[in-house]
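The chain contents come next:
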Amino acid sequence: MIPGIGAFTRDILWCFSQVKGTMETGTTEADIISTVEFNHTGELLATGDKGGRVVIFQREQESKNQVHRRGEYNVYSTFQSHEPEFDYLKSLEIEEKINKIRWLPQQNAAYFLLSTNDKTVKLWKVSERDKRPEGYNLKDEEGRLRDPATITTLRVPVLRPMDLMVEATPRRVFANAHTYHINSISVNSDYETYMSADDLRINLWNFEITNQSFNIVDIKPANMEELTEVITAAEFHPHHCNTFVYSSSKGTIRLCDMRASALCDRHTKFFEEPEDPSNRSFFSEIISSISDVKFSHSGRYIMTRDYLTVKVWDLNMENRPIETYQVHDYLRSKLCSLYENDCIFDKFECVWNGSDSVIMTGSYNNFFRMFDRNTKRDVTLEASRENSKPRAILKPRKVCVGGKRRKDEISVDSLDFSKKILHTAWHPSENIIAVAATNNLYIFQDKVN
Amino acid sequence: MLSKGLKRKQEEEEEGKEALAVDTWWLGPGHPAVAHAPPAVASRSLFDLSVLKLHHSLQQSEPDLQHLVLVVNTLRRIQACMAPTAALPPMPSLPTAPGIADNLLASSDASLSASMASLLEDLSHIEGLSQAPQPLVDEGPPGHPTGGAPPSLGALDLLGPATGCLLVDGLEGLFEDTDTSMYDSELWAPASEGHKSSPEDGPGKEEAPELDEAELDYLMDVLVGTQALERPPGPGC
């Protein structure tokens, strides 16, 4: 099934597949999912949470007997990636919350991923062990040393099958390079380097070297009183290992070429849309702050998410986006209230589908939105336990902005702003999506005919 | 478990549970409904709310820099729009920590700008404390605040009757009773951070004054002890 091809002739019908997480109403803060990411093949799905844990799900092999039930995701490995730390110099606690997970392309039997909290990036190796050696000469089966005097013959140890064990081991720890909070990590297409970005700086790392990194972007002013802008997200180009972009709290995107200079404080391209005078308000800057930036798989476009919209930019046109999608424009009249309760600072992410024809992002009330770039149609869906019957087709939702509310519509004033979909992921080649709703992970698939 | 500082996200989740009601009083300027409310009053309310947010943000154990910058920028924008000398009607007291609202309302806007700038500057000095020495860079102990004050102000501890307003004429007077002798020693110049390929000596660097040996030894012990604690166990390669 090639996503996007079908979209020319029919809309995708999304069905509930699975939900992971507790059904209890009281949510432990540590269980709140803070990042979701498929690996490059879609076989694995990783989540990170506020408690510093990483849970990896693996897609089961598809069964010939159950063709209508595409492979489900089951827990493959769980490990504690980051622990709470204490910075003694500043007397500050460093949160263990996993801000981002990024997979490395698979090059052997093991899987590798990067996980980061506010300060430290770690490279984890996840590998399987399904055999164990038996028949040692100097040790018995329990591992105790044997008396050499009792050994009369020599034997060759053999590997015997054992129950599958999945091990996660930290292979690298990249620490002490960020003064401010890390918001992004991105693996370079050379598979040798990656970058980590905090509020004011971006560092380039080599996977093999943990005690040094190269600073490639630094927007910290000499006088902090001149600080008016911070870095909000950063990503490498999917194919050109010299190119990356970073977004800012002022709604700008800068594309940099590392070949131009070692310190990329001068951008190669600068993307910014002029402010609409009719929408100008005290909150214009806050809602223009970009919370996520993603290259398309083709590398030709970038997508940005600000508080009310998703925008698609062509790398060859800097003065305005080529497409703008309204996520929840009905909130524009409520910005003051949203500023008061800090919801206006929520950082929503956005994702492309495998063919770059559909984009997805989250909203409030556990709603998430999809926009088909070709048909220009959009849909609002909800991640909720009520719609969690196996293979149940998700019913589109609609928010009533005024006038008479229809039966299945929800009014703006009834939206639950504590239920926010900040993190979503799309399978790299199939119509399978993962949606994080607080402490639950929903997996939806398109209906298989 | 380590005690945690105030978590902005936890509070925002709790507050967000309330359904948002349409309230024209709080609508931003430019919206047609604001025409029914005096713009100066609406701006003043936003201004006070923003100042409270700024204060609350700085009370966090480690302020969210993006949140801080956006709030400060919004404050500046509101300030620029507000009439500088117009007499404002009496404001209702905001439901905040007792004592703060009156003090904030009494502060002058001009000094607020200077205070916001000072607070951001103080953040810079405090952030410099966490810089561990990096190889390939001029070796030097991390920077430290040179006479600056920690941004995490104790809630009401500094609002004694003698201090009056929180944000008036800079912050020096508020910290008279805080012993900053260790930080005032200026032993460490702010170190260049990261590995800048174009190394530069910023204009803000200061020369280290003299210290007696006992203080130097104590500071080095703290630094060495901190590094030993922060160094993670080496992973198997």
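Residues numbered from 1 in each chain as written. Chains lettered and ligands numbered in written order. Predicted model: local features only at pLDDT ≥ 70, side-chain atom pairs only at ≥ 80, totals over all residues. Heavy atoms only, no water.

## Description of the overall build of chain B
If you tally the helices and strands in chain B, you get seven helices and zero strands. When the helices and strands of chain B are listed from N to C terminus, the series reads α-α-α-α-α-α-α. The long-range fraction of contacts in chain B, counting pairs at least 24 apart against all pairs at least 6 apart in sequence, stands at 70%. (Helix = DSSP H or I, 4+ residues; strand = E, 2+ residues; numbered from the N terminus. Contact = heavy atoms within 4.5 Å.)

## Details of the overall build of chain A
The helix and strand tally for chain A stands at two helices and 32 strands. For the C-alpha atoms alone, the extent of chain A along its principal axes is close to 90 × 60 × 40 Å. The buried share of chain A, reckoned over its 449 residues, is 57%. Across chain A, every contact between residues at least 6 apart in sequence was considered, and the portion connecting residues at least 24 apart equals 54%. Surface exposure of chain A reaches about 19700 Å², of which carbon and sulfur atoms provide 49%. Considering chain A, the positive charge centre built from 58 side chains and the negative charge centre built from 64 side chains are found 5 Å apart. (Buried < 20%, exposed > 50% of the residue type's maximum accessible area, 1.4 Å probe, protein only. Areas by Shrake-Rupley, 256 points an atom, 1.4 Å probe, with all protein chains shown as cover. Lys, Arg positive; Asp, Glu negative; His and termini not counted. Charge placed at Lys NZ, Arg CZ, Asp CG, Glu CD.)

## Re helix α3 (residues 65-81) of chain B
Residue and element names in this part refer to chain B. If you check α3, its first and last C-alpha atoms are 24 Å apart, about what 17 residues at 1.5 Å a residue would give, namely 24 Å. Most of α3 is tucked away: 13 of the 17 residues are buried. Measuring from the backbone nitrogen of Gln 66 back to the side-chain oxygen at the start of α3 gives 3.1 Å, which picks out Asp 64 as the cap. (Expected span 1.5 Å × (residues − 1). Polar contact = N/O pair within 3.5 Å; in protein donor to acceptor, adjacent residues only side chain to side chain.)

## Considering the pattern of salt bridges
All names here are of chain A. Under the counting rule described, the total for this entry stands at 32 salt bridges over all chains. With a closest N to O distance of 2.8 Å, Lys 311 and Glu 273 form a salt bridge. You can see Lys 311 sitting in strand β22 (residues 309-314) and its partner Glu 273 sitting in the loop between β19 (269-271) and α1 (284-288), a full 38 residues away along the chain. The exposure class assigned to Lys 311 is buried, which follows from its relative accessible area of 16%. (Salt bridge = Lys/Arg side-chain N within 4 Å of Asp/Glu carboxyl O.)

## Quick look at the sheet that holds strand β31 (residues 432-437) of chain A
All names here are of chain A. Overall, antiparallel pairing links the four strands, which are arranged β1-β32-β31-β30 in an open sheet. Looking at strand neighbours, the two that pair on one side only are β1 (14-20) and β30 (423-426), the edges of this open sheet. The average angle at which neighbouring strand axes cross in this sheet is 20°, direction not considered. With four bridges joining them, β30 and β31 adopt antiparallel strand pairing. Residue pairing across strands places Thr 424 opposite Val 435, the latter belonging to β31. (Pairing = 2+ DSSP bridges. Axes fitted to C-alpha atoms, helices over the stretch in contact; angles between N-to-C directions.)

## Remarks on the nonpolar core
Counting residues in hydrophobic clusters, the biggest one holds 44 residues, and the most contacted among them are Tyr 307, Tyr 339 and Ile 344 of chain A. At the level of secondary structure, the elements contributing two or more residues to this core comprise α1 and α2 (335-340) of chain A together with α2 (39-59) and α3 of chain B. A per-element tally of this core places α3 of chain B first, with eight residues. Ignoring anything within four residues of it in the chain, the contact list for Tyr 307 of chain A reads Ile 287, Ser 289, His 328, Leu 331, Leu 335, Leu 338, Cys 343, Ile 344, Asp 346, Phe 348 and Tyr 364 of chain A. Core analysis: the next-biggest nonpolar cluster, separate from the first, contains 17 residues, Phe 16, Val 435, Ala 437 and Tyr 442 of chain A among them. (Core = buried A, V, L, I, M, F, W, Y, C linked by side-chain atoms within 4.5 Å.)

## As for the sheet that holds strand β5 (residues 73-80) of chain A
Adjacent strands of a sheet pair through backbone hydrogen bonds, lying either parallel or antiparallel. Residue and element names in this part refer to chain A. Ordered in space as β2-β3-β4-β5, the four strands form an open sheet in which the pairing is antiparallel. Of all the strands in the sheet, the pair left with one neighbour each is β2 (33-38) and β5. Ignoring strand direction, the axes of neighbouring strands in this sheet form an average angle of 20°. Where strand β3 (residues 44-49) lies against strand β4 (residues 53-59), five bridges are found, and the strand directions are antiparallel.

## Some thoughts on the confidence of the model for chain A
The predicted model of chain A has a mean per-residue pLDDT of 92, with 95% of residues at 70 or higher. Taken as a whole, residues 1-9 of chain A scores under 50 in pLDDT and shows 15 contacts with residues more than four places along the chain or in a different chain. (pLDDT = per-residue confidence, 0-100.)

## Details of the environment of Val 173 of chain A
All names here are of chain A. In this structure, Val 173 sits in strand β11 (residues 158-174). We classify Val 173 as buried; its relative accessible area is 13%. Residues Val 173 and Phe 79, spaced 94 residues apart in sequence, show a C-alpha to C-alpha distance of 15 Å.

## Let's talk about the pairing of β4 of chain A
Successive residues of a regular strand alternate their side chains across the two faces of the sheet. All names here are of chain A. Counting buried positions along β4 yields five of seven residues, so the element is predominantly enclosed. The turn joining β3 and β4, which pair antiparallel and follow one another in sequence, is formed by three residues; a positive phi near 85° is taken by Gly 52. Pairing of β4 with β5 involves seven bridges; the strand directions are antiparallel. In the strand pairing of β5, Phe 57 is matched with Val 75.

## Describing the packing of aromatic side chains
Residues and elements named next belong to chain A. Under the defined criterion, the tally for this structure stands at 21 aromatic pairs over all chains. Residues Tyr 194 and Trp 205 carry aromatic rings whose centres are separated by 6.1 Å and whose planes lie at 5° to one another, so their mutual orientation is stacked. In this pair, Tyr 194 is assigned in strand β13 (residues 193-197) and Trp 205 in strand β14 (residues 201-206), connecting sequence segments eleven residues apart. For the pair Tyr 194 and Trp 205, a shared accessibility class is recorded, and that class is buried. Taken together through their ring pairs, the aromatic side chains of Phe 16, Phe 368, Tyr 442 and Phe 444 make up a single cluster. The ring of Tyr 136 carries the charged tip of Lys 139 above its face, separated from the ring centre by 4.4 Å. Just above the ring of Tyr 301 sits the side chain of Arg 373; from NZ or CZ to the centre is 4.8 Å. (Phe/Tyr/Trp six-rings, centres within 6.5 Å; stacked < 30°, edge-to-face > 60°. Lys NZ or Arg CZ within 6 Å of the ring centre and 35° of its normal.)

## Examining the environment of Arg 280 of chain A
Relative to the helices and strands, Arg 280 of chain A resides in the loop between β19 and α1. Side chain to side chain, Arg 280 of chain A and Glu 275 of chain A meet in a polar contact 2.9 Å long.

## Some details on the confidence of the model for chain B
Reading predicted coordinates in detail is not appropriate for stretches of low pLDDT. Residue and element names in this part refer to chain B. Mean pLDDT over chain B works out to 53, with 20% of the residues at or above the 70 mark. Element-level pLDDT for chain B is lowest in helix α4 (residues 100-106), with a mean of 33, against a maximum mean of 92 in α3. Segment residues 128-177: pLDDT under 50, and 114 contacts once partners within four positions in sequence are set aside and those in other chains are kept. Low confidence marks residues 185-208, where pLDDT is under 50. Its contacts with residues over four positions away, or in another chain, come to 54 contacts.

## Describing unusual backbone geometry
Residues and elements named next belong to chain A. The phi torsion at Asp 342 lies on the positive side, around 70°, for a residue other than glycine. Within the secondary structure layout, Asp 342 lies in the loop between α2 and β24 (350-352). Positioned with a positive phi, Asn 366 is a non-glycine residue whose angle comes to about 60°. Relative to the helices and strands, Asn 366 is located in the loop between β25 (358-362) and β26 (367-372).

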